[in-house]
Amino acid sequence: MYRFLLTPRWWGINLFVVLAIPFCVFMGTWQLGRFEDRVQTHDAAEKQPAPGSRPAKPIDELLPVDTVTSGRPAIATGRYADQFLVPGRKLDDKSGFYVLNMLRTDSGKALPVVRGWMPGKPGSTAVPPAPTGEVTVTGDLQASENAGTAGVDTAGGLPDGQLGMISAASLINLVPYDVYDAWVTLQDTGAGTGDKAAGALRPVPAAKAQGTGLDLKAFQNLGYTGEWFVFAGFVLFMWFRLVRREAEAARDLQLGLVAEAEEEATSEAEARSGSEAGSGSGSGSGKDAVGSGAV
């Protein structure tokens, strides 16, 4: 009864099923692994001590920035150089901008330093000047921003002196020196020094490292896991349904039910055509009779 499974058509169907089910299971398992990795990373980040409670280290010892070093206090010594304003940044649901200065270190590289946040729009608000001379700063280490970072302006067309994204890739085109692939945000903006101008700057809290939170992407991975397993079950269900239908057709053919059904259908068709022919001839005779009577 199941010899039809060895026909060329069913060889193709069986091959598709044999390849599709393992592929769906593999993709579902991979998506589940991605979700579990995000959960473990989130748990590890939650167990990390607060950034301010960890000892500060030189910037070169904390690079490259990863989930462990992100937020760690970093120390750098140098002189402030170019200044940029980063518009479109919010703090406590208020719109404003970052004040960013490039710190030229003795190594020749420059470290982007966010000295603080100010409300308003760049160009319409007076910005406190950066300290002069050699300074040593301690700020929370952050990874370079990308297009997916909140607040980033990727549209371009900003006025001179403004920056849409804090990253080495963006700054390297604006300054004539090498730039660290990281930046720091100062928690001490100089408000306690008696400088009113410096006191206008508010510290920018360090953000958590990307990929360490249970965000929408994590639950998307979980949703994709269910979808792939549903696809695998659907393929198997359809295969069993096709096999069952084909087996029933083969059984009916073996029992002669298909031939009888065809004969009955043929007899009904012949009877129907005969009745239609009879009614057609009868109506023709009537027409003749009517015609002759008319003559």
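What this report covers is the structure whose coordinates are included nearby. What you see is a predicted model; the values in this text were computed from it and never measured.

Conventions used here
- As a convention, each chain's residues are numbered from 1 in the sequence order in which they are written.
- pLDDT decides what is reported in this predicted model: residues at 70 or higher carry local features, side-chain atom pairs at 80 or more are listed and counted, and totals for whole chains, interfaces and linings draw on all residues regardless.
- Excluding hydrogens and water, the side-chain figures rest on all heavy atoms present in the structure.
- Secondary structure elements follow DSSP: runs of H or I of four or more residues count as helices, runs of E of two or more count as strands, with numbering from the N terminus.
- Burial status follows relative accessibility: with a 1.4 Å probe on protein chains alone, a residue under 20% of its type maximum counts as buried, one over 50% as exposed, and anything between as partly exposed.
- Any two residues whose heavy atoms approach within 4.5 Å are treated as being in contact.
- Take a side-chain nitrogen of Lys or Arg and a carboxyl oxygen of Asp or Glu: if they are within 4 Å of each other, that pair is a salt bridge.
- Note on pairing: DSSP must find at least two bridges between two strands before they are called paired.
- Among buried residues, those of type Ala, Val, Leu, Ile, Met, Phe, Trp, Tyr and Cys that are joined through side-chain atoms within 4.5 Å constitute a nonpolar core.

### Things to note about the environment of Pro 203
With respect to the helices and strands, the residue Pro 203 is situated in the loop between helix 3 (196–199) and helix 4 (216–254). Residue class for Pro 203 comes out partly exposed when judged on its relative accessible area of 32%. With 18 residues separating them in the primary sequence, Pro 203 and Thr 185 have C-alpha atoms 7.4 Å apart. If we ignore the near neighbours within four places in the chain, the residues touching Pro 203 are Leu 91, Leu 186, Gln 187 and Thr 189.

### Things to note about the pattern of salt bridges
Per the counting criterion, the structure on display carries three salt bridges. The partner of Arg 9 in a salt bridge is Glu 246, and the shortest N-O contact between them spans 3.3 Å. Of this pair, Arg 9 sits in helix 1 (residues 8–47) while Glu 246 is found in helix 4, placing the two residues 237 residues apart along the sequence. Taking relative accessible area as the criterion, Arg 9 reaches 51% and is therefore assigned exposed. For Glu 145, the salt bridge goes to Arg 89, with nearest N and O atoms at 2.9 Å. Taken together, the positions of Glu 145 in the loop between strand 5 (134–142) and helix 2 (168–171) and Arg 89 in strand 2 (residues 73–91) put the pair 56 residues apart, joining distant regions of the chain. The two residues Glu 145 and Arg 89 agree in class, both being buried.

### A short note on the pairing of strand 2
Pairing geometry for strand 1 (residues 57–58) and strand 2, over two bridges, is parallel. Note on strand 2: the bridge partner recorded for Pro 58 is Ile 75. Summarising the sheet, strand 2 and strand 5 pair through seven bridges and their orientation is antiparallel. If you follow Ile 75 over to strand 5, its bridge partner there is Thr 138. One ladder, built from 11 bridges, connects strand 2 with strand 3 (residues 94–105); its direction is antiparallel.

### Some points on the nonpolar core
Counting residues in hydrophobic clusters, the biggest one holds 18 residues, and the most contacted among them are Phe 84, Tyr 98, Leu 100, Met 102, Val 114 and Ile 166. If you list the elements that add at least two residues to this core, you get strand 2, strand 3, strand 4 (110–119) and helix 2. Among all residues touching Phe 84, those that are not within four sequence positions of it are Tyr 98, Val 99, Leu 100, Met 102, Gly 161, Leu 163, Leu 171, Leu 174 and Val 175. Formed by 16 residues, the second largest nonpolar core is a distinct cluster that contains Ala 76, Leu 111, Ala 182 and Val 184.

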